[in-house]
Structures are given as C-alpha cells and as structure tokens.
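# Summary of structural features
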Amino acid sequence: MPKHSRKNRDADNAARADLIRALPPIDACIRAAESNPALAGFSRTYLKVMVQRAQAEIRAAILAGRDTLPRDRDALVDAVVIAAARAVAADEPVLAPVVNATGVVLHTNLGRALLAESAIEAVEMAARSAVNLEYDLETGARGDRDSIVEDEICALTGAEAATVVNNNAAAVVLALNSLAEGREVIVSRGEMIEIGGSFRLPDVMSKSGAILREVGTTNRTHPNDYADAIGPDAALLLKVHPSNYRVVGFTSEVTLEDLVEIGRARGIDVMEDLGAGALIDLTEFGIPREPIVRDRIAAGAAVVTFSGDKLLGGPQAGVIVGRRAALDRIKRNPLKRALRCDKLTLAALSATMRLYLRSKDLGSELPTLRFLGRSVSEIASIAPRAREIVAERLGPGFVVEIVDTSSQVGSGAMPVEELKSVALRVTHPDKSANAIAAMFRRTRIIGRIADDSFILDLRTIDDPAVFAVKLETG
C-alpha cells in the first residue's frame, strides 16, 4: 500500500476515534432527554436504554464514515437526544401480531393455536381481576389450582384424575420422574422421537431420572420384545405416538391394548405420550383420525400425556390424565410446583374444555378446528378479493395468481397429511421469492416459498382485508 494511502487511512481512523471520544456522557444526554417534550413522561431507566441505543447508532455511523455530526458539545448532546427520540418513536413490543399465510395451521414459530373467544375473555378476566386460583370459596380455606380444570378434563377423557403443567415435554418429565426415577422405562426404538428444537425423547427421559431401556428395532417391535425386557428394575412400559413422523414399509408395532396386557401380567403400568392429543374424533371435521385420549384411557393406560395448544386448540399446556393413584404421586412431586401453570393459562384451558363439553357447534367456535376443517370451496370464495387487494398494493410488474395448494396441520401433528387449499402465488421478473417474502414480512405478513415463488396460503385467512397494507416494492 502506498505511504500516502496509509497516511490517509490512519488520519481517517484518528478522526473517527476523536469523534467517538467526543460523544457526550450518557448522564448528560439523559438530563437533556428528560427536558425534551417528546421524551417527557418516560422513566429514567427507559431513557437510558434509548440514549445508549442512540449513541450506538451514532457510533456505528462514525465508524462507517457516514457521520454528519456537529463538533461542539451542546450540539452533540442535541444530536444524541434527537436520535433517542427517533428510537422511542420506532420502539415497539417485540411480540407483535402477524398474519399467518404460511398454510401451517398450528405454526410453532407463530404461536400455534388461536384461542376461542370464550378463552380470550377468560384470560382477560383473570388478568384484570383477583381470582380464586387457590382459594375455596365455600370454606375459605386454601384450594387446589388443578380443581379449575380437573373436572372438565376427567369428564372429557374418562380419567380418574388429571393435572396440568406448562407443556407436554414437562408433562412427560414430571410423570416419568414421579413414577420411574432411578428405574427402567421400556420403550420401542421406533418411538424414540425428536420434537421441535432438537428436543429428543431420550434426553427428556434422562432429565427425568428414569433409565431408558430400548427394545425392538427402528421399524419393527413385537410384544415379546417388551415382555423379555421386563426385569426387577422395570417401572413403566412407555408408548409414544409418533406424531411428527411416520415409518412406512416393513413395519410392526405393539398396540396399546397388547402393551397393557403385557404390563398387567407383570404388574407394571403403561404410560402413553400422545403428543398432539385429540379429545374428539376429528374425522367429523374432515380431518384424519388421531388417537383419542378417552380411548387410550379406556384401553388401560395408567397415564396419558398430551398438549393443550395443538389439536386440542387451547393454550400452551401439558395435560396429564390417568388413574388416581398414579396422579396422586405426580401431584406430590416437588417438580410439579416448578412446572405448574399460571392463572392465565388455566383460565384459557378451562374455557376451552368447557367449550368441548358444552358447545353444539365446536367447529365454528374453536379456531383450530375451524381452520383445519375448512373446505376448499370456502377458501376459494375469498381468493378473488384477496388477489385484487394484493395486486393493487403491489402495483405493476408483479404477477398475482390464484393457485391450488396444500396446507399442513403443523406442530408435528399429522406430518404426512396434506389439506387441500387455495393460495395466491406472487412473482416478479426481477425479484426473487426471498426478496418478495422479505417485503411482506416487513408488514408482518408471513407466507412461504415454494417452487421459487412466494405463496400466501388462504386457509387461515378469514378476511382478505388483512392484505391491505402498505408494501415497499422499490
């Protein structure tokens, strides 16, 4: 590198370092911000965060050679305050509403199930008021928060007892720790599932303190595999519903009924992890049948665990149902307190369970079932208006077409089942599908990319007006 170039670079770096050193102290900027009308009323803690954010922005501009800052101290303070005011104006909660046009009804990254209106009202009531969470209104004594949902859960599942924790993984950990800590739990190799976020059943079992005893092979497990593995250290036979994958071809698995018979002959209980969990026969909504919790209890499972926010259509929760003796042990476990649900979750879950018990038109009241059971003709009826709105907002150059597509249940439920749907396909001769997707994401509309095109699946869209947003197409 020539000497003069190196000198110029060194001089530029020195000038930038001087500018960064000249930035006024945080406290001075906060004092100036407190007297700024646009920033009045905010706490000092919040102003400090915004001033630090503003200084970081200015520092980055200096290092990139984009600064146009004044050189005197008072003017620098003003520049920081102005940048802080911009940061405040742009500051929004991280958790924000989005439009789910991915075609995945129970999208884990987008919050899974939408709550029914009655559940939303129950959450709002519990958030605004003191509630009898653990208070017996008849006796005035301390109550049990499980009582908020236990009767409804037992009525729907036929179980003797029930309890609720914060998700199904927690339900599995708690049940195994309560019933099999330090002892063997026998499970088929073909059921060693991995759920979202690389969360593997063997790891869950390890954390529970139970000892994993695998039997059979990946594709074939027989009754004798379980029977031969039962020894003095065996505490449970575990069956896991492979809700997020399917093994096809040369396969064999042991039914729950057979497993229960094996356990009864040896005096060992059977626990089943249903994962998504269904409380009713989903075929009446045009959805393929999934194992129903009531049927699993009737088949003899001592404990069944399942999710609240998947096929059930409620809030995130892990539900544990089964025989009273097993549930009593689970409820006495100190881990139960660490994993228990708060009043908002219990309010939403209770309202959802009451819908299952009371509603004559569950398919219209529970958003999950409504979206999953939506007919192609109903979806297609809103497609022309949706296309018109999107095309108008995008302007010339973009091609917006109505196409047939397939949606998914999501969250690991029914992985091989495709739901026929209708979508908008958006393309542009000079813009990639990723660029178009990013453009929509900036307006909080989330679609998907398929075959080098951006797709807006309409299965979960009630009103096409959600697409009437300002799109930056440049």
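Each value, and the rule that gives it
Residues numbered from 1 in each chain as written. Predicted model: local features only at pLDDT ≥ 70, side-chain atom pairs only at ≥ 80, totals over all residues. Heavy atoms only, no water. Helix = DSSP H or I, 4+ residues; strand = E, 2+ residues; numbered from the N terminus. Rg over C-alpha atoms; globule rule 2.2 N^0.38 Å. Buried < 20%, exposed > 50% of the residue type's maximum accessible area, 1.4 Å probe, protein only. Contact = heavy atoms within 4.5 Å. Areas by Shrake-Rupley, 256 points an atom, 1.4 Å probe, with all protein chains shown as cover. Lys, Arg positive; Asp, Glu negative; His and termini not counted. Charge placed at Lys NZ, Arg CZ, Asp CG, Glu CD. Expected span 1.5 Å × (residues − 1). Core = buried A, V, L, I, M, F, W, Y, C linked by side-chain atoms within 4.5 Å. Pairing = 2+ DSSP bridges. Axes fitted to C-alpha atoms, helices over the stretch in contact; angles between N-to-C directions. Salt bridge = Lys/Arg side-chain N within 4 Å of Asp/Glu carboxyl O. Right-handed = clockwise from strand over helix to strand, strands pointing away. Phe/Tyr/Trp six-rings, centres within 6.5 Å; stacked < 30°, edge-to-face > 60°. Lys NZ or Arg CZ within 6 Å of the ring centre and 35° of its normal.

Moving on, we come to the overall build of the protein. In terms of helices and strands, the protein carries 18 helices and 15 strands. What you see for the protein is a C-alpha radius of gyration of 29 Å, clearly larger than the 23 Å of a compact globule of 474 residues, by over 25%. Out of the 474 residues in the protein, the part that is buried amounts to 47%. Nonlocal contacts in the protein, meaning residues at least 24 apart in sequence, comprise 74% of its contacts between residues at least 6 apart. For the protein, the computed accessible surface area is about 23,600 Å², with 49% contributed by carbon and sulfur atoms. Distance between charge centroids for the protein: 6 Å, based on 59 positive and 63 negative side chains.

Quick look at helix 5 (residues 117–128) now. Given a rise of 1.5 Å per residue, 12 residues ought to cover 16 Å, and the 17 Å separating the end C-alpha atoms of helix 5 matches this to within 8%. Residues of helix 5 that are buried sit in contact with helix 14 (343–358).

Judged by nonpolar contacts, the single largest core of 58 residues is most densely connected at Leu237, Phe306 and Val321. Here the element with the most residues in this core is helix 14; it accounts for 5 residues. Once residues within four sequence positions are removed from consideration, Leu237 is found in contact with Ile186, Tyr226, Ile230, Leu259, Ile262, Gly263, Ile268, Asp269, Val270 and Met271. By size, the runner-up hydrophobic cluster in this structure holds 31 residues, among which are Ala170, Ala175, Leu238 and Leu339.

This paragraph deals with the sheet that holds strand 8 (residues 269–273). Reading across from one edge, 2-10-9-8-7-3-6 is the order of the 7 strands in this open sheet, with mixed pairing throughout. Edge positions in the sheet fall to strand 2 (161–165) and strand 6 (211–215), since each has one partner strand and no second. Averaged over all pairs of adjacent strands, the angle between strand axes in this sheet comes to 25°, irrespective of strand direction. Two elements, strand 3 (residues 184–188) and strand 7 (residues 234–240), share 4 bridges in a ladder whose sense is parallel. The residue of strand 7 that forms the bridge with Val185 is Leu236. Contacts from helix 8 (residues 201–208) reach strand 3, strand 6 and strand 7 within the one sheet, and its direction differs from that of strand 7 by about 150°.

Here we take up the sheet that holds strand 12 (residues 419–427). Strand order in the open sheet made by the 4 strands is 11-12-15-14, with antiparallel pairing throughout. Because the sheet does not close on itself, it has two edges, and the strands there are strand 11 (399–407) and strand 14 (448–450). Across the sheet, the axes of successive neighbouring strands diverge by a mean angle of 40°, strand direction being ignored. Examined bridge by bridge, strand 14 and strand 15 (residues 453–457) share 3 bridges and lie antiparallel to one another. Bridge pairing in strand 15 places Ile449 opposite Phe454. Sitting on the sheet, helix 17 (residues 376–394) touches strand 11, strand 12 and strand 15, and the angle it makes with strand 12 is about 10°. Across the sheet, helix 18 (residues 433–441) is in contact with strand 12, strand 14 and strand 15; its angle to strand 15 comes to roughly 40°.

A few words on the side chain of Asp146. Among the secondary structure elements, Asp146 is positioned in the loop between helix 5 and helix 6 (150–157). Beyond its immediate sequence surroundings of up to four residues, Asp146 is in contact with Ala162, Thr163, Val164, Lys331 and Lys336.

The next thing to look at is unusual backbone geometry. Located in the positive-phi region is Arg444, a residue other than glycine, with phi close to 70°. Structurally, the position occupied by Arg444 is in the loop between helix 18 and strand 13 (445–446). With a phi angle near 60°, Asp452 is a residue other than glycine that sits in the positive phi range.

Now for the pattern of salt bridges. Tallied over the entire structure, the rule returns 28 salt bridges. Salt-bridge contacts for Glu214 lead to Arg189; the nearest nitrogen and oxygen are separated by 3.6 Å. With Glu214 in strand 6 and Arg189 in the loop between strand 3 and strand 4 (194–195), the pair connects residues that are 25 residues apart, well separated along the chain. The class of Arg189 is partly exposed, set by a relative accessible area of 39%.

Bringing the pairing of strand 8 into the picture now. Among the 5 residues of strand 8, 4 are classified as buried, and the element is accordingly described as predominantly covered. Bridge count for strand 7 against strand 8 is 5 bridges, and the pairing is parallel. The residue bridging Leu236 from the neighbouring strand is Asp269, located in strand 8. The sheet contact formed by strand 8 and strand 9 (residues 303–307) spans 3 bridges and is parallel. Looking at the pairing, Asp273 lines up with Thr305 of strand 9. Chirality of the crossover, the property in question, places the unit of strand 8, helix 11 (residues 293–298) and strand 9 among those that are right-handed.

What follows concerns the packing of aromatic side chains. Between two aromatic rings, the relevant description is the distance of the centres plus the angle of the planes. For the coordinates displayed, the defined rule picks out 2 aromatic pairs. Taking 5.1 Å as the distance between ring centres and 40° as the angle between the ring planes, the aromatic pair formed by Phe42 and Tyr46 counts as tilted. Accessibility expressed as a relative area gives 36% for Phe42, which makes it partly exposed. Sitting over the face of the ring of Phe371, Arg370 holds its NZ or CZ atom 4.7 Å from the ring centroid.

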